[in-house]
Amino acid sequence: MRYRTPKITSVIEWGTLLLSTCLVCFFLLVVLWEIISKGASKLSWEFVFTVPTDGMTKGGIFTPVVGTVLLTMITALFSIPFGVSCAIYLNEYAENNWLTRTIRASIRNLSGVPSIIYGLFGLALFVQALQFGTSLMAAGLTLGLLSLPYIITTTEEALVRIPNSMREAALAVGATKFETIKDVVVPSAMPGILTGVVLTLSRAAGETAPILFTGAAFYINRSTGYLNDEFMALPYHLYMLSTQHQSIEEVRPIAYGTALVLVIVVFLMNLTAFYFRYKYRKNEN
Amino acid sequence: MRTKLSTESLNLSFGTKQVLKNITVSFNEHEIAALIGPSGCGKSTLLRTFNRMHDLFPDAHIDGRLKLEELDLYDKTIPVTEIRKRIGMVFQKANPFPKSIYENIAYGLRINNLPHNKDVVEKALREAFLWEEVKDDLKMPATRLSGGQQQRLCIARAVALRPEVILMDEPCSALDPVSTLKIEELITHLKEKYTIVIVTHNMQQAQRIADKTVFMYLGEIKEEGATQDIFNFPKNEVTANYIKGQFG
């Protein structure tokens, strides 16, 4: 019998893993380099705070920035309270029977539904049935629906991680069940909940499909920000500048600038999530 | 000696599995009683019936009588929070709240609408022999204390509510010998004011601190009596084998 020398085996094992890592990093860096190198020249406070002019061939991206900020706020206002409350109910109050198991499985499945389906659903429900029209409100609620399953799932995961001994500690000093949840369980789970919320919202902020039919506008040349009015949003603005504009070559730098701003916004939001997780680990030890 | 805590024909089952069988036992005021027995014999389950910790599990079924003096512990007209205020509990693994040391004591006082100022907190910490070690760091997160200190903080948290009974579920099983001795000393000291029921796996510990020892086996009480009698002259063969360490 001949054996391969252990050294070669271990080099192959270790090498495959390293190669995969390098490959992933390579593509990531290429994408980042592409966006940064071509968008950096446009990036300035002026670019962010000037409205687009001359059919979007000049000016900045202030209108879509405002739209995305407001949109994300509506999404947050709708999805955080309902999502977190739902997760608390499912994890702390609901009995573990077939009904709650079905509900939980359905919620998990919903987070896998393609976002365009949410877009069409939002069009049918908010725009047409509830007569909100294509508007900031309709798009925000649609994105809220999209975010709910993620927020519920991540919140529940954060709650499950709180050991039962923590709940017993509060009950044993005479806290009611609600006080136990309010004062001990949720505060302990807060970093996990916040991480989930921020990551979900940063994902929602970058979505295009759900706002396509529910309120995002091609170009708005007047004051915006009304709940019942259409709006411009960064991801849609980018999509449109790269593929739909009549003078694509001319607006290319603006498109890269928009992409860079969008990446920076998402990066900053993720950074917040990392900070929460860091704080969480520090408190744990 | 007055009887403080008692059960009469207590049966408890989780679903179809009967865990406690016909338990009749009583604990005297200002005494330390130790519950001993092999793992799974039901001693922790018995302990947790007294502050109604089984309320959390819908499939736990309890019948029989449990009394704190003359008060029926399972009387539906009495809020369970009132029972838990009068019967405190210290758990196997120290479980301080992820809050500051001060807040750990103040929290229980606040939710029970008791005064919660620095003096009350200091008094509780002194009673748990912890004050000198933490008096300068009351704002520090309690999770940064050592295991033994955390357990004493949990005792202080229970003591702060001025309960009548303190239940302890193997409070030293996760601690080193020095911290264990410190807690035993504390428990012995606390019996002047409180009635203490402690579950322990440690035979020496039972002999060092308990006035009364109850030996449980397969959900039943096999033997009970003064600690000296149980350990020196066990009447039951199972008891004798267990305390000699022939099974556990």
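Just so you know, these numbers come straight off a predicted model, no measurement behind them.

1. Concerning the overall build of chain A
Helices and strands together make up the secondary structure of chain A, namely 11 helices and 2 strands. Start at the N end of chain A and walk to the C end: the helices and strands fall as α-α-β-β-α-α-α-α-α-α-α-α-α. Taken along its principal axes, the extent of the C-alpha atoms in chain A is 70 × 65 × 35 Å. The buried share of chain A, taken over its 285 residues, is 39%. Within chain A, contacts between residues separated by at least 24 positions form 74% of all contacts whose residues are at least 6 apart in sequence.

2. Thoughts on helix H6 (residues 136-160) of chain A
Taking 1.5 Å of rise per residue, 25 residues should cover 36 Å, and H6 of chain A covers 35 Å from first to last C-alpha, within 8% of that figure. The sharpest bend along H6 of chain A measures roughly 35° and falls at Ser147 of chain A, with the proline Pro149 of chain A sitting one to four residues further on.

3. With respect to the UniProt feature "domain: ABC transmembrane type-1" (unreviewed entry) in chain A
Feature annotation in UniProt places "domain: ABC transmembrane type-1" (unreviewed entry) on residues 65-273 of chain A, given in this structure's numbering. For residues 65-273 of chain A, the helix share is 77%, the strand share is 0%, and the end-to-end C-alpha distance is 21 Å.

4. Things to note about unusual backbone geometry
Residues and elements named next belong to chain B. Here the phi dihedral of Ser9 falls at roughly 45°; this positive angle occurs in a residue that is not glycine. With respect to the secondary-structure elements, Ser9 resides in strand E1 (residues 3-14). Assessed through the 11 C-beta atoms surrounding it within 10 Å, Ser9 is described here as exposed. One non-glycine residue, Asn22, lies in positive phi territory at about 50°.

5. Some details on the interface of chain B and chain A
Facing the 21 residues of chain B at the interface are 16 residues of chain A. Grouping the constituent residues of the side of chain B that touches chain A by class yields 10 nonpolar, 7 polar and 4 charged.

6. Brief notes about the UniProt feature "transmembrane region" (unreviewed entry) in chain A
All names here are of chain A. The positions that UniProt labels "transmembrane region" (unreviewed entry) are, in the present scheme, residues 12-36, 61-90, 110-130, 136-153 and 254-276. Regarding residues 110-130, the helix share stands at 76% and the strand share at 0%, and the terminal C-alpha atoms are separated by 22 Å. Taken end to end, residues 254-276 comprises 100% helix and 0% strand; its first and last C-alpha atoms sit 33 Å apart.

7. Observations regarding the domain arrangement of chain A
Residue and element names in this part refer to chain A. Assigned domains of chain A: these are domain 1 (1-39) and domain 2 (45-284). On the side of domain 2, 5 residues touch domain 1, which itself brings 4 residues to the contact. Taken together, the residues that form the side of domain 1 that touches domain 2 break down as 2 nonpolar, 1 polar and 1 charged.

8. What to know about the environment of Ile117 of chain A
All names here are of chain A. Examined against the element boundaries, Ile117 turns out to sit in helix H5 (residues 115-129). When the 13 C-beta atoms within 10 Å are taken as the criterion, Ile117 is described as partly exposed. Spatially, the C-alpha atom of Ile117 lies 35 Å from that of Pro187, the residues being 70 residues apart in sequence.

9. Quick notes on the sheet that holds strand E4 (residues 60-68) of chain B
Residues and elements named next belong to chain B. Taken in spatial order, the 4 strands make up an open sheet running E2-E1-E4-E5, and their pairing is antiparallel. The open sheet is flanked by strand E2 (17-28) and strand E5 (71-72), the only strands paired with a single partner. Judged from the 2 bridges that link them, E4 and E5 form a sheet pairing that is antiparallel. Looking at E5, one finds that Lys67 is bridged to Asp72.

10. Focus: the pairing of strand E8 (residues 195-199) of chain B
A regular strand places its side chains on the two faces of the sheet in alternate fashion. Residue and element names in this part refer to chain B. Burial runs high along E8: 5 of the 5 residues are buried. Residues Thr195, Val197 and Val199 of E8 are buried on one face, and the alternating residues Ile196 and Ile198, pointing to the opposite face, are buried as well. Note: strand E7 (residues 165-169) against E8, 5 bridges, orientation parallel. Each residue of the ladder has a partner; that of Val165, found in E8, is Thr195. Once you follow E7 into helix H7 (residues 177-190) and on to E8, the crossover reads as right-handed.

11. Examining the nonpolar core
When a protein is soluble and globular, its nonpolar side chains tend to lie buried together. With 138 residues, the main nonpolar core has Ala216 of chain A together with Ala156, Ile166, Ile196 and Val197 of chain B as its most contacted residues. It is H6 of chain A that provides the largest number of residues to this core, a total of 14 residues. Sequence-distant contacts of Ala216 of chain A, that is, excluding residues within four places in its chain, are made with Ala139, Ile211, Phe231, Met232, Ala233 and Tyr236 of chain A.

12. Comments concerning the environment of Phe49 of chain A
Residues and elements named next belong to chain A. In this structure, Phe49 sits in helix H2 (residues 45-49). When the C-alpha positions of Phe49 and Gly59 are compared, they lie 9.1 Å apart, and in sequence the two are 10 residues distant. Residues in contact with Phe49, not counting those within four places in the same chain, are Gly60 and Phe62.

13. Some remarks on the packing of helix H6 (residues 147-159) of chain B against H7 of chain B
Residues and elements named next belong to chain B. The geometry of H6 relative to H7 is characterised by a closest axis approach of 9 Å and an angle of 20° between their N-to-C directions. With respect to their mutual orientation, H6 and H7 come out roughly parallel. Our pair here, H6 against H7, has a crossing hand that is right-handed. Along its contact with H6, which presents Gly147, Gly148, Gln151, Arg152 and Ile155, the element H7 presents Ser179, Lys182, Ile183 and Leu186. For the contact of H6 with H7, a count of residues per class yields 3 nonpolar, 4 polar and 2 charged.

14. Focus on the sheet that holds E7 of chain B
All names here are of chain B. The strand order across the open sheet formed by 6 strands is E6-E7-E8-E3-E9-E10, and the pairing between neighbours is mixed. The sheet is open, and its two edges are formed by strand E6 (87-90) and strand E10 (220-226), each paired on a single side. Between one strand axis and the next, the sheet turns through 20° on average, direction left out of account. Where strand E3 (residues 32-36) and strand E9 (residues 212-217) come together, 4 bridges link them in parallel fashion. In the sheet register, Ile36 faces E9, and the bridge partner there is Phe215.

Cut-offs and rules
- Residues numbered from 1 in each chain as written.
- Chains lettered and ligands numbered in written order.
- Predicted model: local features only at pLDDT ≥ 70, side-chain atom pairs only at ≥ 80, totals over all residues.
- Helix = DSSP H or I, 4+ residues; strand = E, 2+ residues; numbered from the N terminus.
- Buried ≥ 20, exposed ≤ 12 C-beta atoms within 10 Å, placed from the backbone.
- Contact = placed C-beta atoms within 7 Å.
- Expected span 1.5 Å × (residues − 1).
- Bend = angle between axes of the 7 residues up to and from the residue.
- UniProt positions renumbered as here; feature names shortened; annotations may be inferred.
- Nonpolar A, V, L, I, M, F, W, Y, C, P; charged D, E, K, R; others polar.
- Domains from an automatic or database assignment.
- Pairing = 2+ DSSP bridges.
- Right-handed = clockwise from strand over helix to strand, strands pointing away.
- Core = buried A, V, L, I, M, F, W, Y, C linked by C-beta atoms within 7 Å.
- Axes fitted to C-alpha atoms, helices over the stretch in contact; angles between N-to-C directions.
- Parallel < 35°, antiparallel > 145°, perpendicular 65-115°, else oblique.
- Left-handed = near helix turned anticlockwise from the far one by under 90°.

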